[in-house]
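Spelled out from the first residue to the last, the chains are:
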Amino acid sequence: MTIATPKFGMGASVLRVEDKSFITGNGRYTDDIAPADVLHGYVLRSPIAKGSFKIVSTEAARNAPGVRLVLTGADLAHLGALRSGVMQEQPDGSKAPTRDIPILCRDRVHHVGDAVAFIVADTRALAQDAAELIEVEYESEPAAVDTVTALGEDTPLVWPELGSNRAFAYEIGDRKKTDAAFAQAAKVVGIKFVNNRLVCNYMEPRSAIGEWNEDEDRYVLTSGSQGVHGLRDIIAKKVFKVAPKKVRVITPDVGGGFGPKSMVYREYPLVLEAAKRLGRPVKWTSDRNEHFLSDAQGRDNFAEAEMALDEDGRFLALRIHVLANLGAYVHQYGPAVPTIGVSMSTGVYDIQTLFVAVDGVYTNTVPVDAYRGAGRPEAAFLIEKLVDECARELGLGREEIRRRNFIRPEQFPYRTATDRLYDVGEFDGHMTLALERAGWADFDQRLRDSQARGKIRGIGMATYIEACAFPGSEPAYLQLNGDGTVTLSIGTQTNGQGHATAYAQFIAEKLNIDISKITVHQGDTDRLKAGGGTGGSRSIPLGGVSAARAGEDLAEKIKRIAADELEASAGDIELVDGTARIVGTDRSITFADVAKAAKQPRDLQGFGEFEQDECTYPNGTHVSEVEIDPETGVAEIVGYTVVDDFGVTVNPILLAGQIHGGVVQGIGQALTENTVYGEDGQLLTASFMDYSMPRADAVPFFHFETRNVPSTTNALGIKGAGEAGTIGAAPAVVNAVTDALYRAYGIRHIDMPATPLRIWSAIQQAKSGT
């Protein structure tokens, strides 16, 4: 029997209700907001990567036209620094000391873009002009900029008092057992590579408005974020050292987050401090160049990995060493990114023995923190690149070596050697389907066609798994309004994902109303006492289930009130198109009349909270096919196939949007995006003139479908999907590029990004035999 998909419920391809306001220019972002008498702030940033400085004079700046305030580090001794709380325990049981981010530097700077002073004026232009009048003497010192050499004897120390550029050490697994497995292996295969640093480049640069409410004796911050409660708590407790109720945070529309907008940056307390001192609102808005110099960046690892195999190509043990660049300071979640990432080191494979060592390192660069996937893309890239190399070494097909080593369906639930508990999975199922859809078996014909045109061609895959929707909950609160509409309040924060649509689908299914009658409220600490924000693909697996349960709760209350009004049993009431009706009759009452009939406010309120004890583990296969012009090194992606397992699909259109966007970000890392620092610590790729973002003409049409196996961890079977596209894309594309180069020239490795210059240079080197 075929069950019809409800018009607005789970599984329905509902168009995004948010889009009308966005595409008609009616979105309301932080920089669109202009409070009365607002002033404008500008941050004076360090032009050197490392050294001491002295502010000789601010007098000219203070006396410049329109200037209202100049703040330096000496003025902010009462404010706490931005301190990370996620340092992991080291092998000796200790926790490494952090190096915290001062709101403004006092006498030393540690990366280009470090904050030196804050100027407030009538306009941004006047504030920027005044900044140039501040007399600062800098004494530049040699800088450490490279991840690979960060621990070298001759590398300058970012923090000399530590005696090393090692920020922390972390280990997971069994070293002795791993060494023993390697000693008995029939074959050992190794790789080493750079996982390149990325600049987030969300469409909307950060912006913040600070206000001081004298009557309420509290601060009000308006800023694009990924969750207002986390920002509030850090700013209140750690920076201003006041109770959270003394700080209100509001987030309007947000133009992309991807991780870095979940964090507190120094400009937020700066606008609040300035607003209190001046008694007027203060706005700061980043330009694109500031984004490159101040917002947390992503990835930046150097990894060495080895696989021990038996004579049949089965994986016996895995050994990994990662250098993880933290940048100049320990950013909010920085140390957690590589440590969470390596917990996914074994991927979709049955590898019960491993040892991983991670060294976090300091460099005189912009701090590194969570960026779409936060450690899991790095882990997936490592294992998928290594598995391809194992296949080449043993002369096995890349699909065959994967099949031999996949965790089999009957092995679930499966606990990995890193203590991850996978609930379900059919990895060979989605790989087989993806290879069929991509025409893997027919590749040789397409290869010959490319060769006839003087081109080379490659095909690659990545079979990934990730951990997301981490344990926890996200309560949902519903309110039936007097006009019969419904309002959801929830502590996640949309950044463009389509929360207003997805959450409304869960509720519409329970109340049987049009989603146009449902409003979603997020982004105000006054509206909800607590909320977990958006990150780690948690909003729909946790918040969506809670919203559904809140819908069930409110539906029962509506039925009870309607039953009283219609003189019937609640069990005989059905909800139909915004009315409560006695089944089999035409006797009904509208939701609006139900609201009027309620005796207590709580009778019109629904509440739901789902608490999840374990992560969800989405997984899938990406297949990429590339054609390369050996004369120019230009690689064109000519085919891209994705078959994913997300457990249950809430909205196919929203899901496809998430995957398409994520894949493009992965393609960007694989082929174009290159963050380059000079030896002196200057960021040489600090604008779109030098930092190459993926463009539409470099992206193919995607074939995307799902082969879902419902999660047994999540109450509705849902697995998170927000980061999966990025996690599978980079290894699939690089494996395809490597396949093309290996087939034609025997080239086994190329680092990301595989730019035309890198590809061309590798070909020339292979031709010359050097």
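Please refer to the structure placed before this passage.
These remarks concern the structure in this document. (Residues numbered from 1 in each chain as written. Predicted model: local features only at pLDDT ≥ 70, side-chain atom pairs only at ≥ 80, totals over all residues. Heavy atoms only, no water.)

**Digging into helix H10 (residues 398–405)**
The following threshold applies: Summary of the burial criterion: residues with accessible area below 20% of their type's maximum are buried, those above 50% are exposed, and those between are partly exposed, where the area comes from a 1.4 Å probe applied to protein chains only. Secondary structure follows DSSP: runs of H or I at least 4 residues long count as helices, runs of E at least 2 residues long count as strands, and numbering of each begins at the N terminus. Directions are taken from the helix axis to each C-beta atom, and the arc is the one they span. When checking whether two residues touch, look at their non-hydrogen atoms; a contact exists if any pair is within 4.5 Å.
For H10, the set of buried residues is Arg398, Ile401, Arg402 and Asn405. The arc enclosing the buried residues of H10, seen along the axis, measures out at 100 degrees, which places them on a common side. Against strand E13 (298–309), strand E14 (315–327), helix H9 (376–394), helix H11 (427–438), strand E18 (456–465) and helix H17 (724–745) lie the buried residues of H10.

**Considerations on the nonpolar core**
Applicable threshold: By convention a nonpolar core is built from buried Ala, Val, Leu, Ile, Met, Phe, Trp, Tyr and Cys residues, the set being connected through side-chain atoms within 4.5 Å.
Ranked by internal contacts, the top residues of the largest apolar core, which has 162 residues, are Phe118, Ile119, Met307, Phe315, Tyr640 and Val737. Counting residues per element, this core draws most heavily on H17, which supplies 11 residues. Here valine 737 is in contact with Val626, Ile628, Leu671, Ile750, Ala754 and Ile759, once residues within four sequence places are set aside. One finds Ala502, Ile518, Ala555 and Ala597 within the second-largest nonpolar core, a separate group that totals 46 residues.

**Focus on the pairing of strand E29 (residues 634–645)**
As a reminder of what qualifies: Strand pairing is assigned whenever DSSP detects at least two bridges linking the two strands.
Where strand E28 (residues 619–629) meets E29, 11 bridges bridge the pair, whose relative direction is antiparallel. By the bridge assignment, valine 626 is partnered in E29 with isoleucine 637. Count of turn residues in the E28/E29 antiparallel hairpin: 4 residues, of which glycine 633 carries a positive phi of about 80 degrees. One ladder, built from 4 bridges, connects E29 with strand E30 (residues 703–706); its direction is parallel.

**Observations regarding the environment of glycine 720**
Mapped onto the secondary structure, glycine 720 falls in the loop between E30 and H17. Overall, the relative accessible area of 1% leaves glycine 720 in the buried class. Residues glycine 720 and valine 737 lie 17 residues apart in sequence; the distance between their C-alpha atoms is 29 Å. Excluding residues within four positions of it along the chain, glycine 720 makes contact with Cys468, Ser537, Pro541, Thr616, Pro618 and Phe646.

**Focus on the environment of isoleucine 727**
If you trace the backbone, isoleucine 727 turns up in helix H17. As for isoleucine 727 and glutamate 378, which are separated by 349 residues in sequence, their C-alpha atoms are 7.9 Å apart. Setting aside chain neighbours within four positions, we find isoleucine 727 in contact with Arg376, Pro377, Ala380, Tyr464 and Glu466.

By themselves, these observations are geometric and do not establish any function.
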